[in-house]
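Spelled out, the chains give:
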Amino acid sequence: MLTNTFVLYLSTVLIWGSTFIAIPLQLGEVPGDVSIAYRFGLSALVLMLWCSLTRRNMRFGFRQHLWMAGQGLMLFGFNYMLVYQASADITSGLIAVVFSTIIVMNIINGALFFGNRVPRAVIGGAALGLVGICLVFLPEVRALDADGTTLRAIILSLVGTFITSFGNMLSARNQSSKLPVMQSNAYGMAYGALTLALIAWGRGEAFVFETTWTYTGSLVYLALVGSVLGFGSFLTLLGRIGPERAAYCMVLFPIVALALSTVFENYTWTAEAVAGVSLVLAGNLLVIVPKQQLLRVVRIFRPLVNRSAE
C-alpha cells in the first residue's frame, strides 16, 4: 500500500509538473481555443469509454448536468484559455509557480463559499507567496516591454489560477451532492471542450490540425497523461491520504516545471528567482503543514542555526 501511494504521489507531481512544458508546444498553427477543445474532447472521450467499460452510471438529471457543466467550464475551459495565452509570453515554469498559489486561493474561497475558518497561517503564507512571486518576476518586470506583454501574462496566469480554484469549489460542491468524480470529470471535460469549440467558431478561428510530431505528441500527452492519468492519480491519492497531505503535490510540481523550463526553454535562474521560489514554497508549506509539525521542524533546526550564528 505504501509503495502504491508513493507511486501515485510521484506520478501526480511529475505529470502535472511536465504538462506546463507541453502547453507551449500547442501554440502555433492551431488556435489556442481549438487546441484546448481538441485536448479535452479527447480526454472526455477516453473517460466516457472507461466509465462505460467499468459499467458506471452515466445518467444524470438536468440540474446535475448544469453543475457538471459549471465545473467543466472552470476546470477544463476558461482557465486554460488564459493559461494558453499566458504561455505565449512567459515560460511554463513561471506559470507553474503562479499556479501553486491555488493552495491559498482554495482556502480563502473555501471560507467564502463554505464558511470554513481561515487560519492565521494562511494569511502569512499568502504574504510570503505574494512577495515570492514578485521576486520571481522581478527580472521580467524590470525589462517590461512598452506594450506590457509580460505583465499581461502574469495577470492572465493569476486570473486563470483563480478560475481553477473556483472550479475546485464547484467540484467540492458536486462531490458533497454525491456526484461521482470520474463521471463529473468526463462530462465536465466534454462541456468544456464544446464551449471552447463554440467560442473558437464564434471568433472565426480555423479548425485546422497540425500534423507534426511535436503538436500531435504534446496533444496526446496533455489529453491522456496530463488530464486522464493526472487527474486519476491525484483523485486516487486524495482518497487514500486526504486532501491536506495530497496538497503537497501543488508545492512540488512547480519545481519540476522550472527544472524542465531550464532545460528546454533556457530559463535563467537569478538570485531573485531562487529567493522568490523559496518564499512561494515556504508560503505554501506554511498553509498546508499542520502547526505542530512546523514547530517540530523549527525545534530540530534551531540548534543548527544557533551554532552557525556563533
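Definitions and limits used
Residues numbered from 1 in each chain as written. Predicted model: local features only at pLDDT ≥ 70, side-chain atom pairs only at ≥ 80, totals over all residues. Heavy atoms only, no water. Phe/Tyr/Trp six-rings, centres within 6.5 Å; stacked < 30°, edge-to-face > 60°. Helix = DSSP H or I, 4+ residues; strand = E, 2+ residues; numbered from the N terminus. Buried < 20%, exposed > 50% of the residue type's maximum accessible area, 1.4 Å probe, protein only. 1 Å grid on protein atoms, 1.4 Å probe; cavity = no way out; pocket = protein on both sides within 12 Å on 5 of 7 lines; lining within 4 Å. Points joined across faces, edges and corners; volume = space filled by probe spheres on them. Nonpolar A, V, L, I, M, F, W, Y, C, P; charged D, E, K, R; others polar. Axes fitted to C-alpha atoms, helices over the stretch in contact; angles between N-to-C directions. Parallel < 35°, antiparallel > 145°, perpendicular 65-115°, else oblique. Contact = heavy atoms within 4.5 Å.

Draft legend 1. Representation of the packing of aromatic side chains. Within this structure, the stated rule accounts for 9 aromatic pairs. Pairing Tyr38 with Phe209 gives two aromatic rings, centres 5.8 Å apart and planes at 50 degrees, and the pair type is tilted. You can see Tyr38 sitting in helix 2 (residues 32-53) and its partner Phe209 sitting in the loop between helix 10 (181-202) and helix 11 (213-241), a full 171 residues away along the chain. Looking at Tyr38, the relative accessible area reads 23%, which means it is partly exposed.

Draft legend 2. Just empty space enclosed by the protein, in detail. The tally for this structure, following the rule as stated, stands at 1 cavity of 30 Å³ or more. Considering only enclosed or pocket space, the largest cavity measures out at about 40 Å³ in volume. Lining the largest cavity are Val97, Ser100, Pro254, Ile255, Leu258, Val277, Val280 and Leu281. Secondary structure elements with two or more residues in the lining of the largest cavity: helix 13 (248-264) and helix 14 (271-288). Looking at the lining of the largest cavity residue by residue, the class counts come to 7 nonpolar, 1 polar and no charged.

Draft legend 3. Structural context of helix 5 (residues 92-99). Of all 8 residues in helix 5, 8 are buried, a share of seventy percent or more. Along helix 5, the residues classified as buried are Ser92, Gly93, Leu94, Ile95, Ala96, Val97, Val98 and Phe99.

Draft legend 4. Representation of the packing of helix 3 (residues 62-75) against helix 4 (residues 78-86) within the structure. At a minimum axis distance of 4 Å, the contact between helix 3 and helix 4 shows a crossing angle of 5 degrees. Relative to helix 4, helix 3 is oriented roughly parallel. Side by side, helix 3 and helix 4 meet where Leu73, Met74 and Leu75 of the first sit next to Phe78, Asn79 and Tyr80 of the second. Residues belonging to the contact of helix 3 with helix 4 are distributed by class as follows: 5 nonpolar, 1 polar and no charged.

Draft legend 5. The side chain of Ser165, seen in detail. Mapped onto the secondary structure, Ser165 falls in helix 9 (residues 149-176). Using a relative accessible area of 0% as the deciding quantity, one classes Ser165 as buried. Discounting chain neighbours no more than four positions away, the residues touching Ser165 are Ile102, Met105, Asn106 and Asn109.

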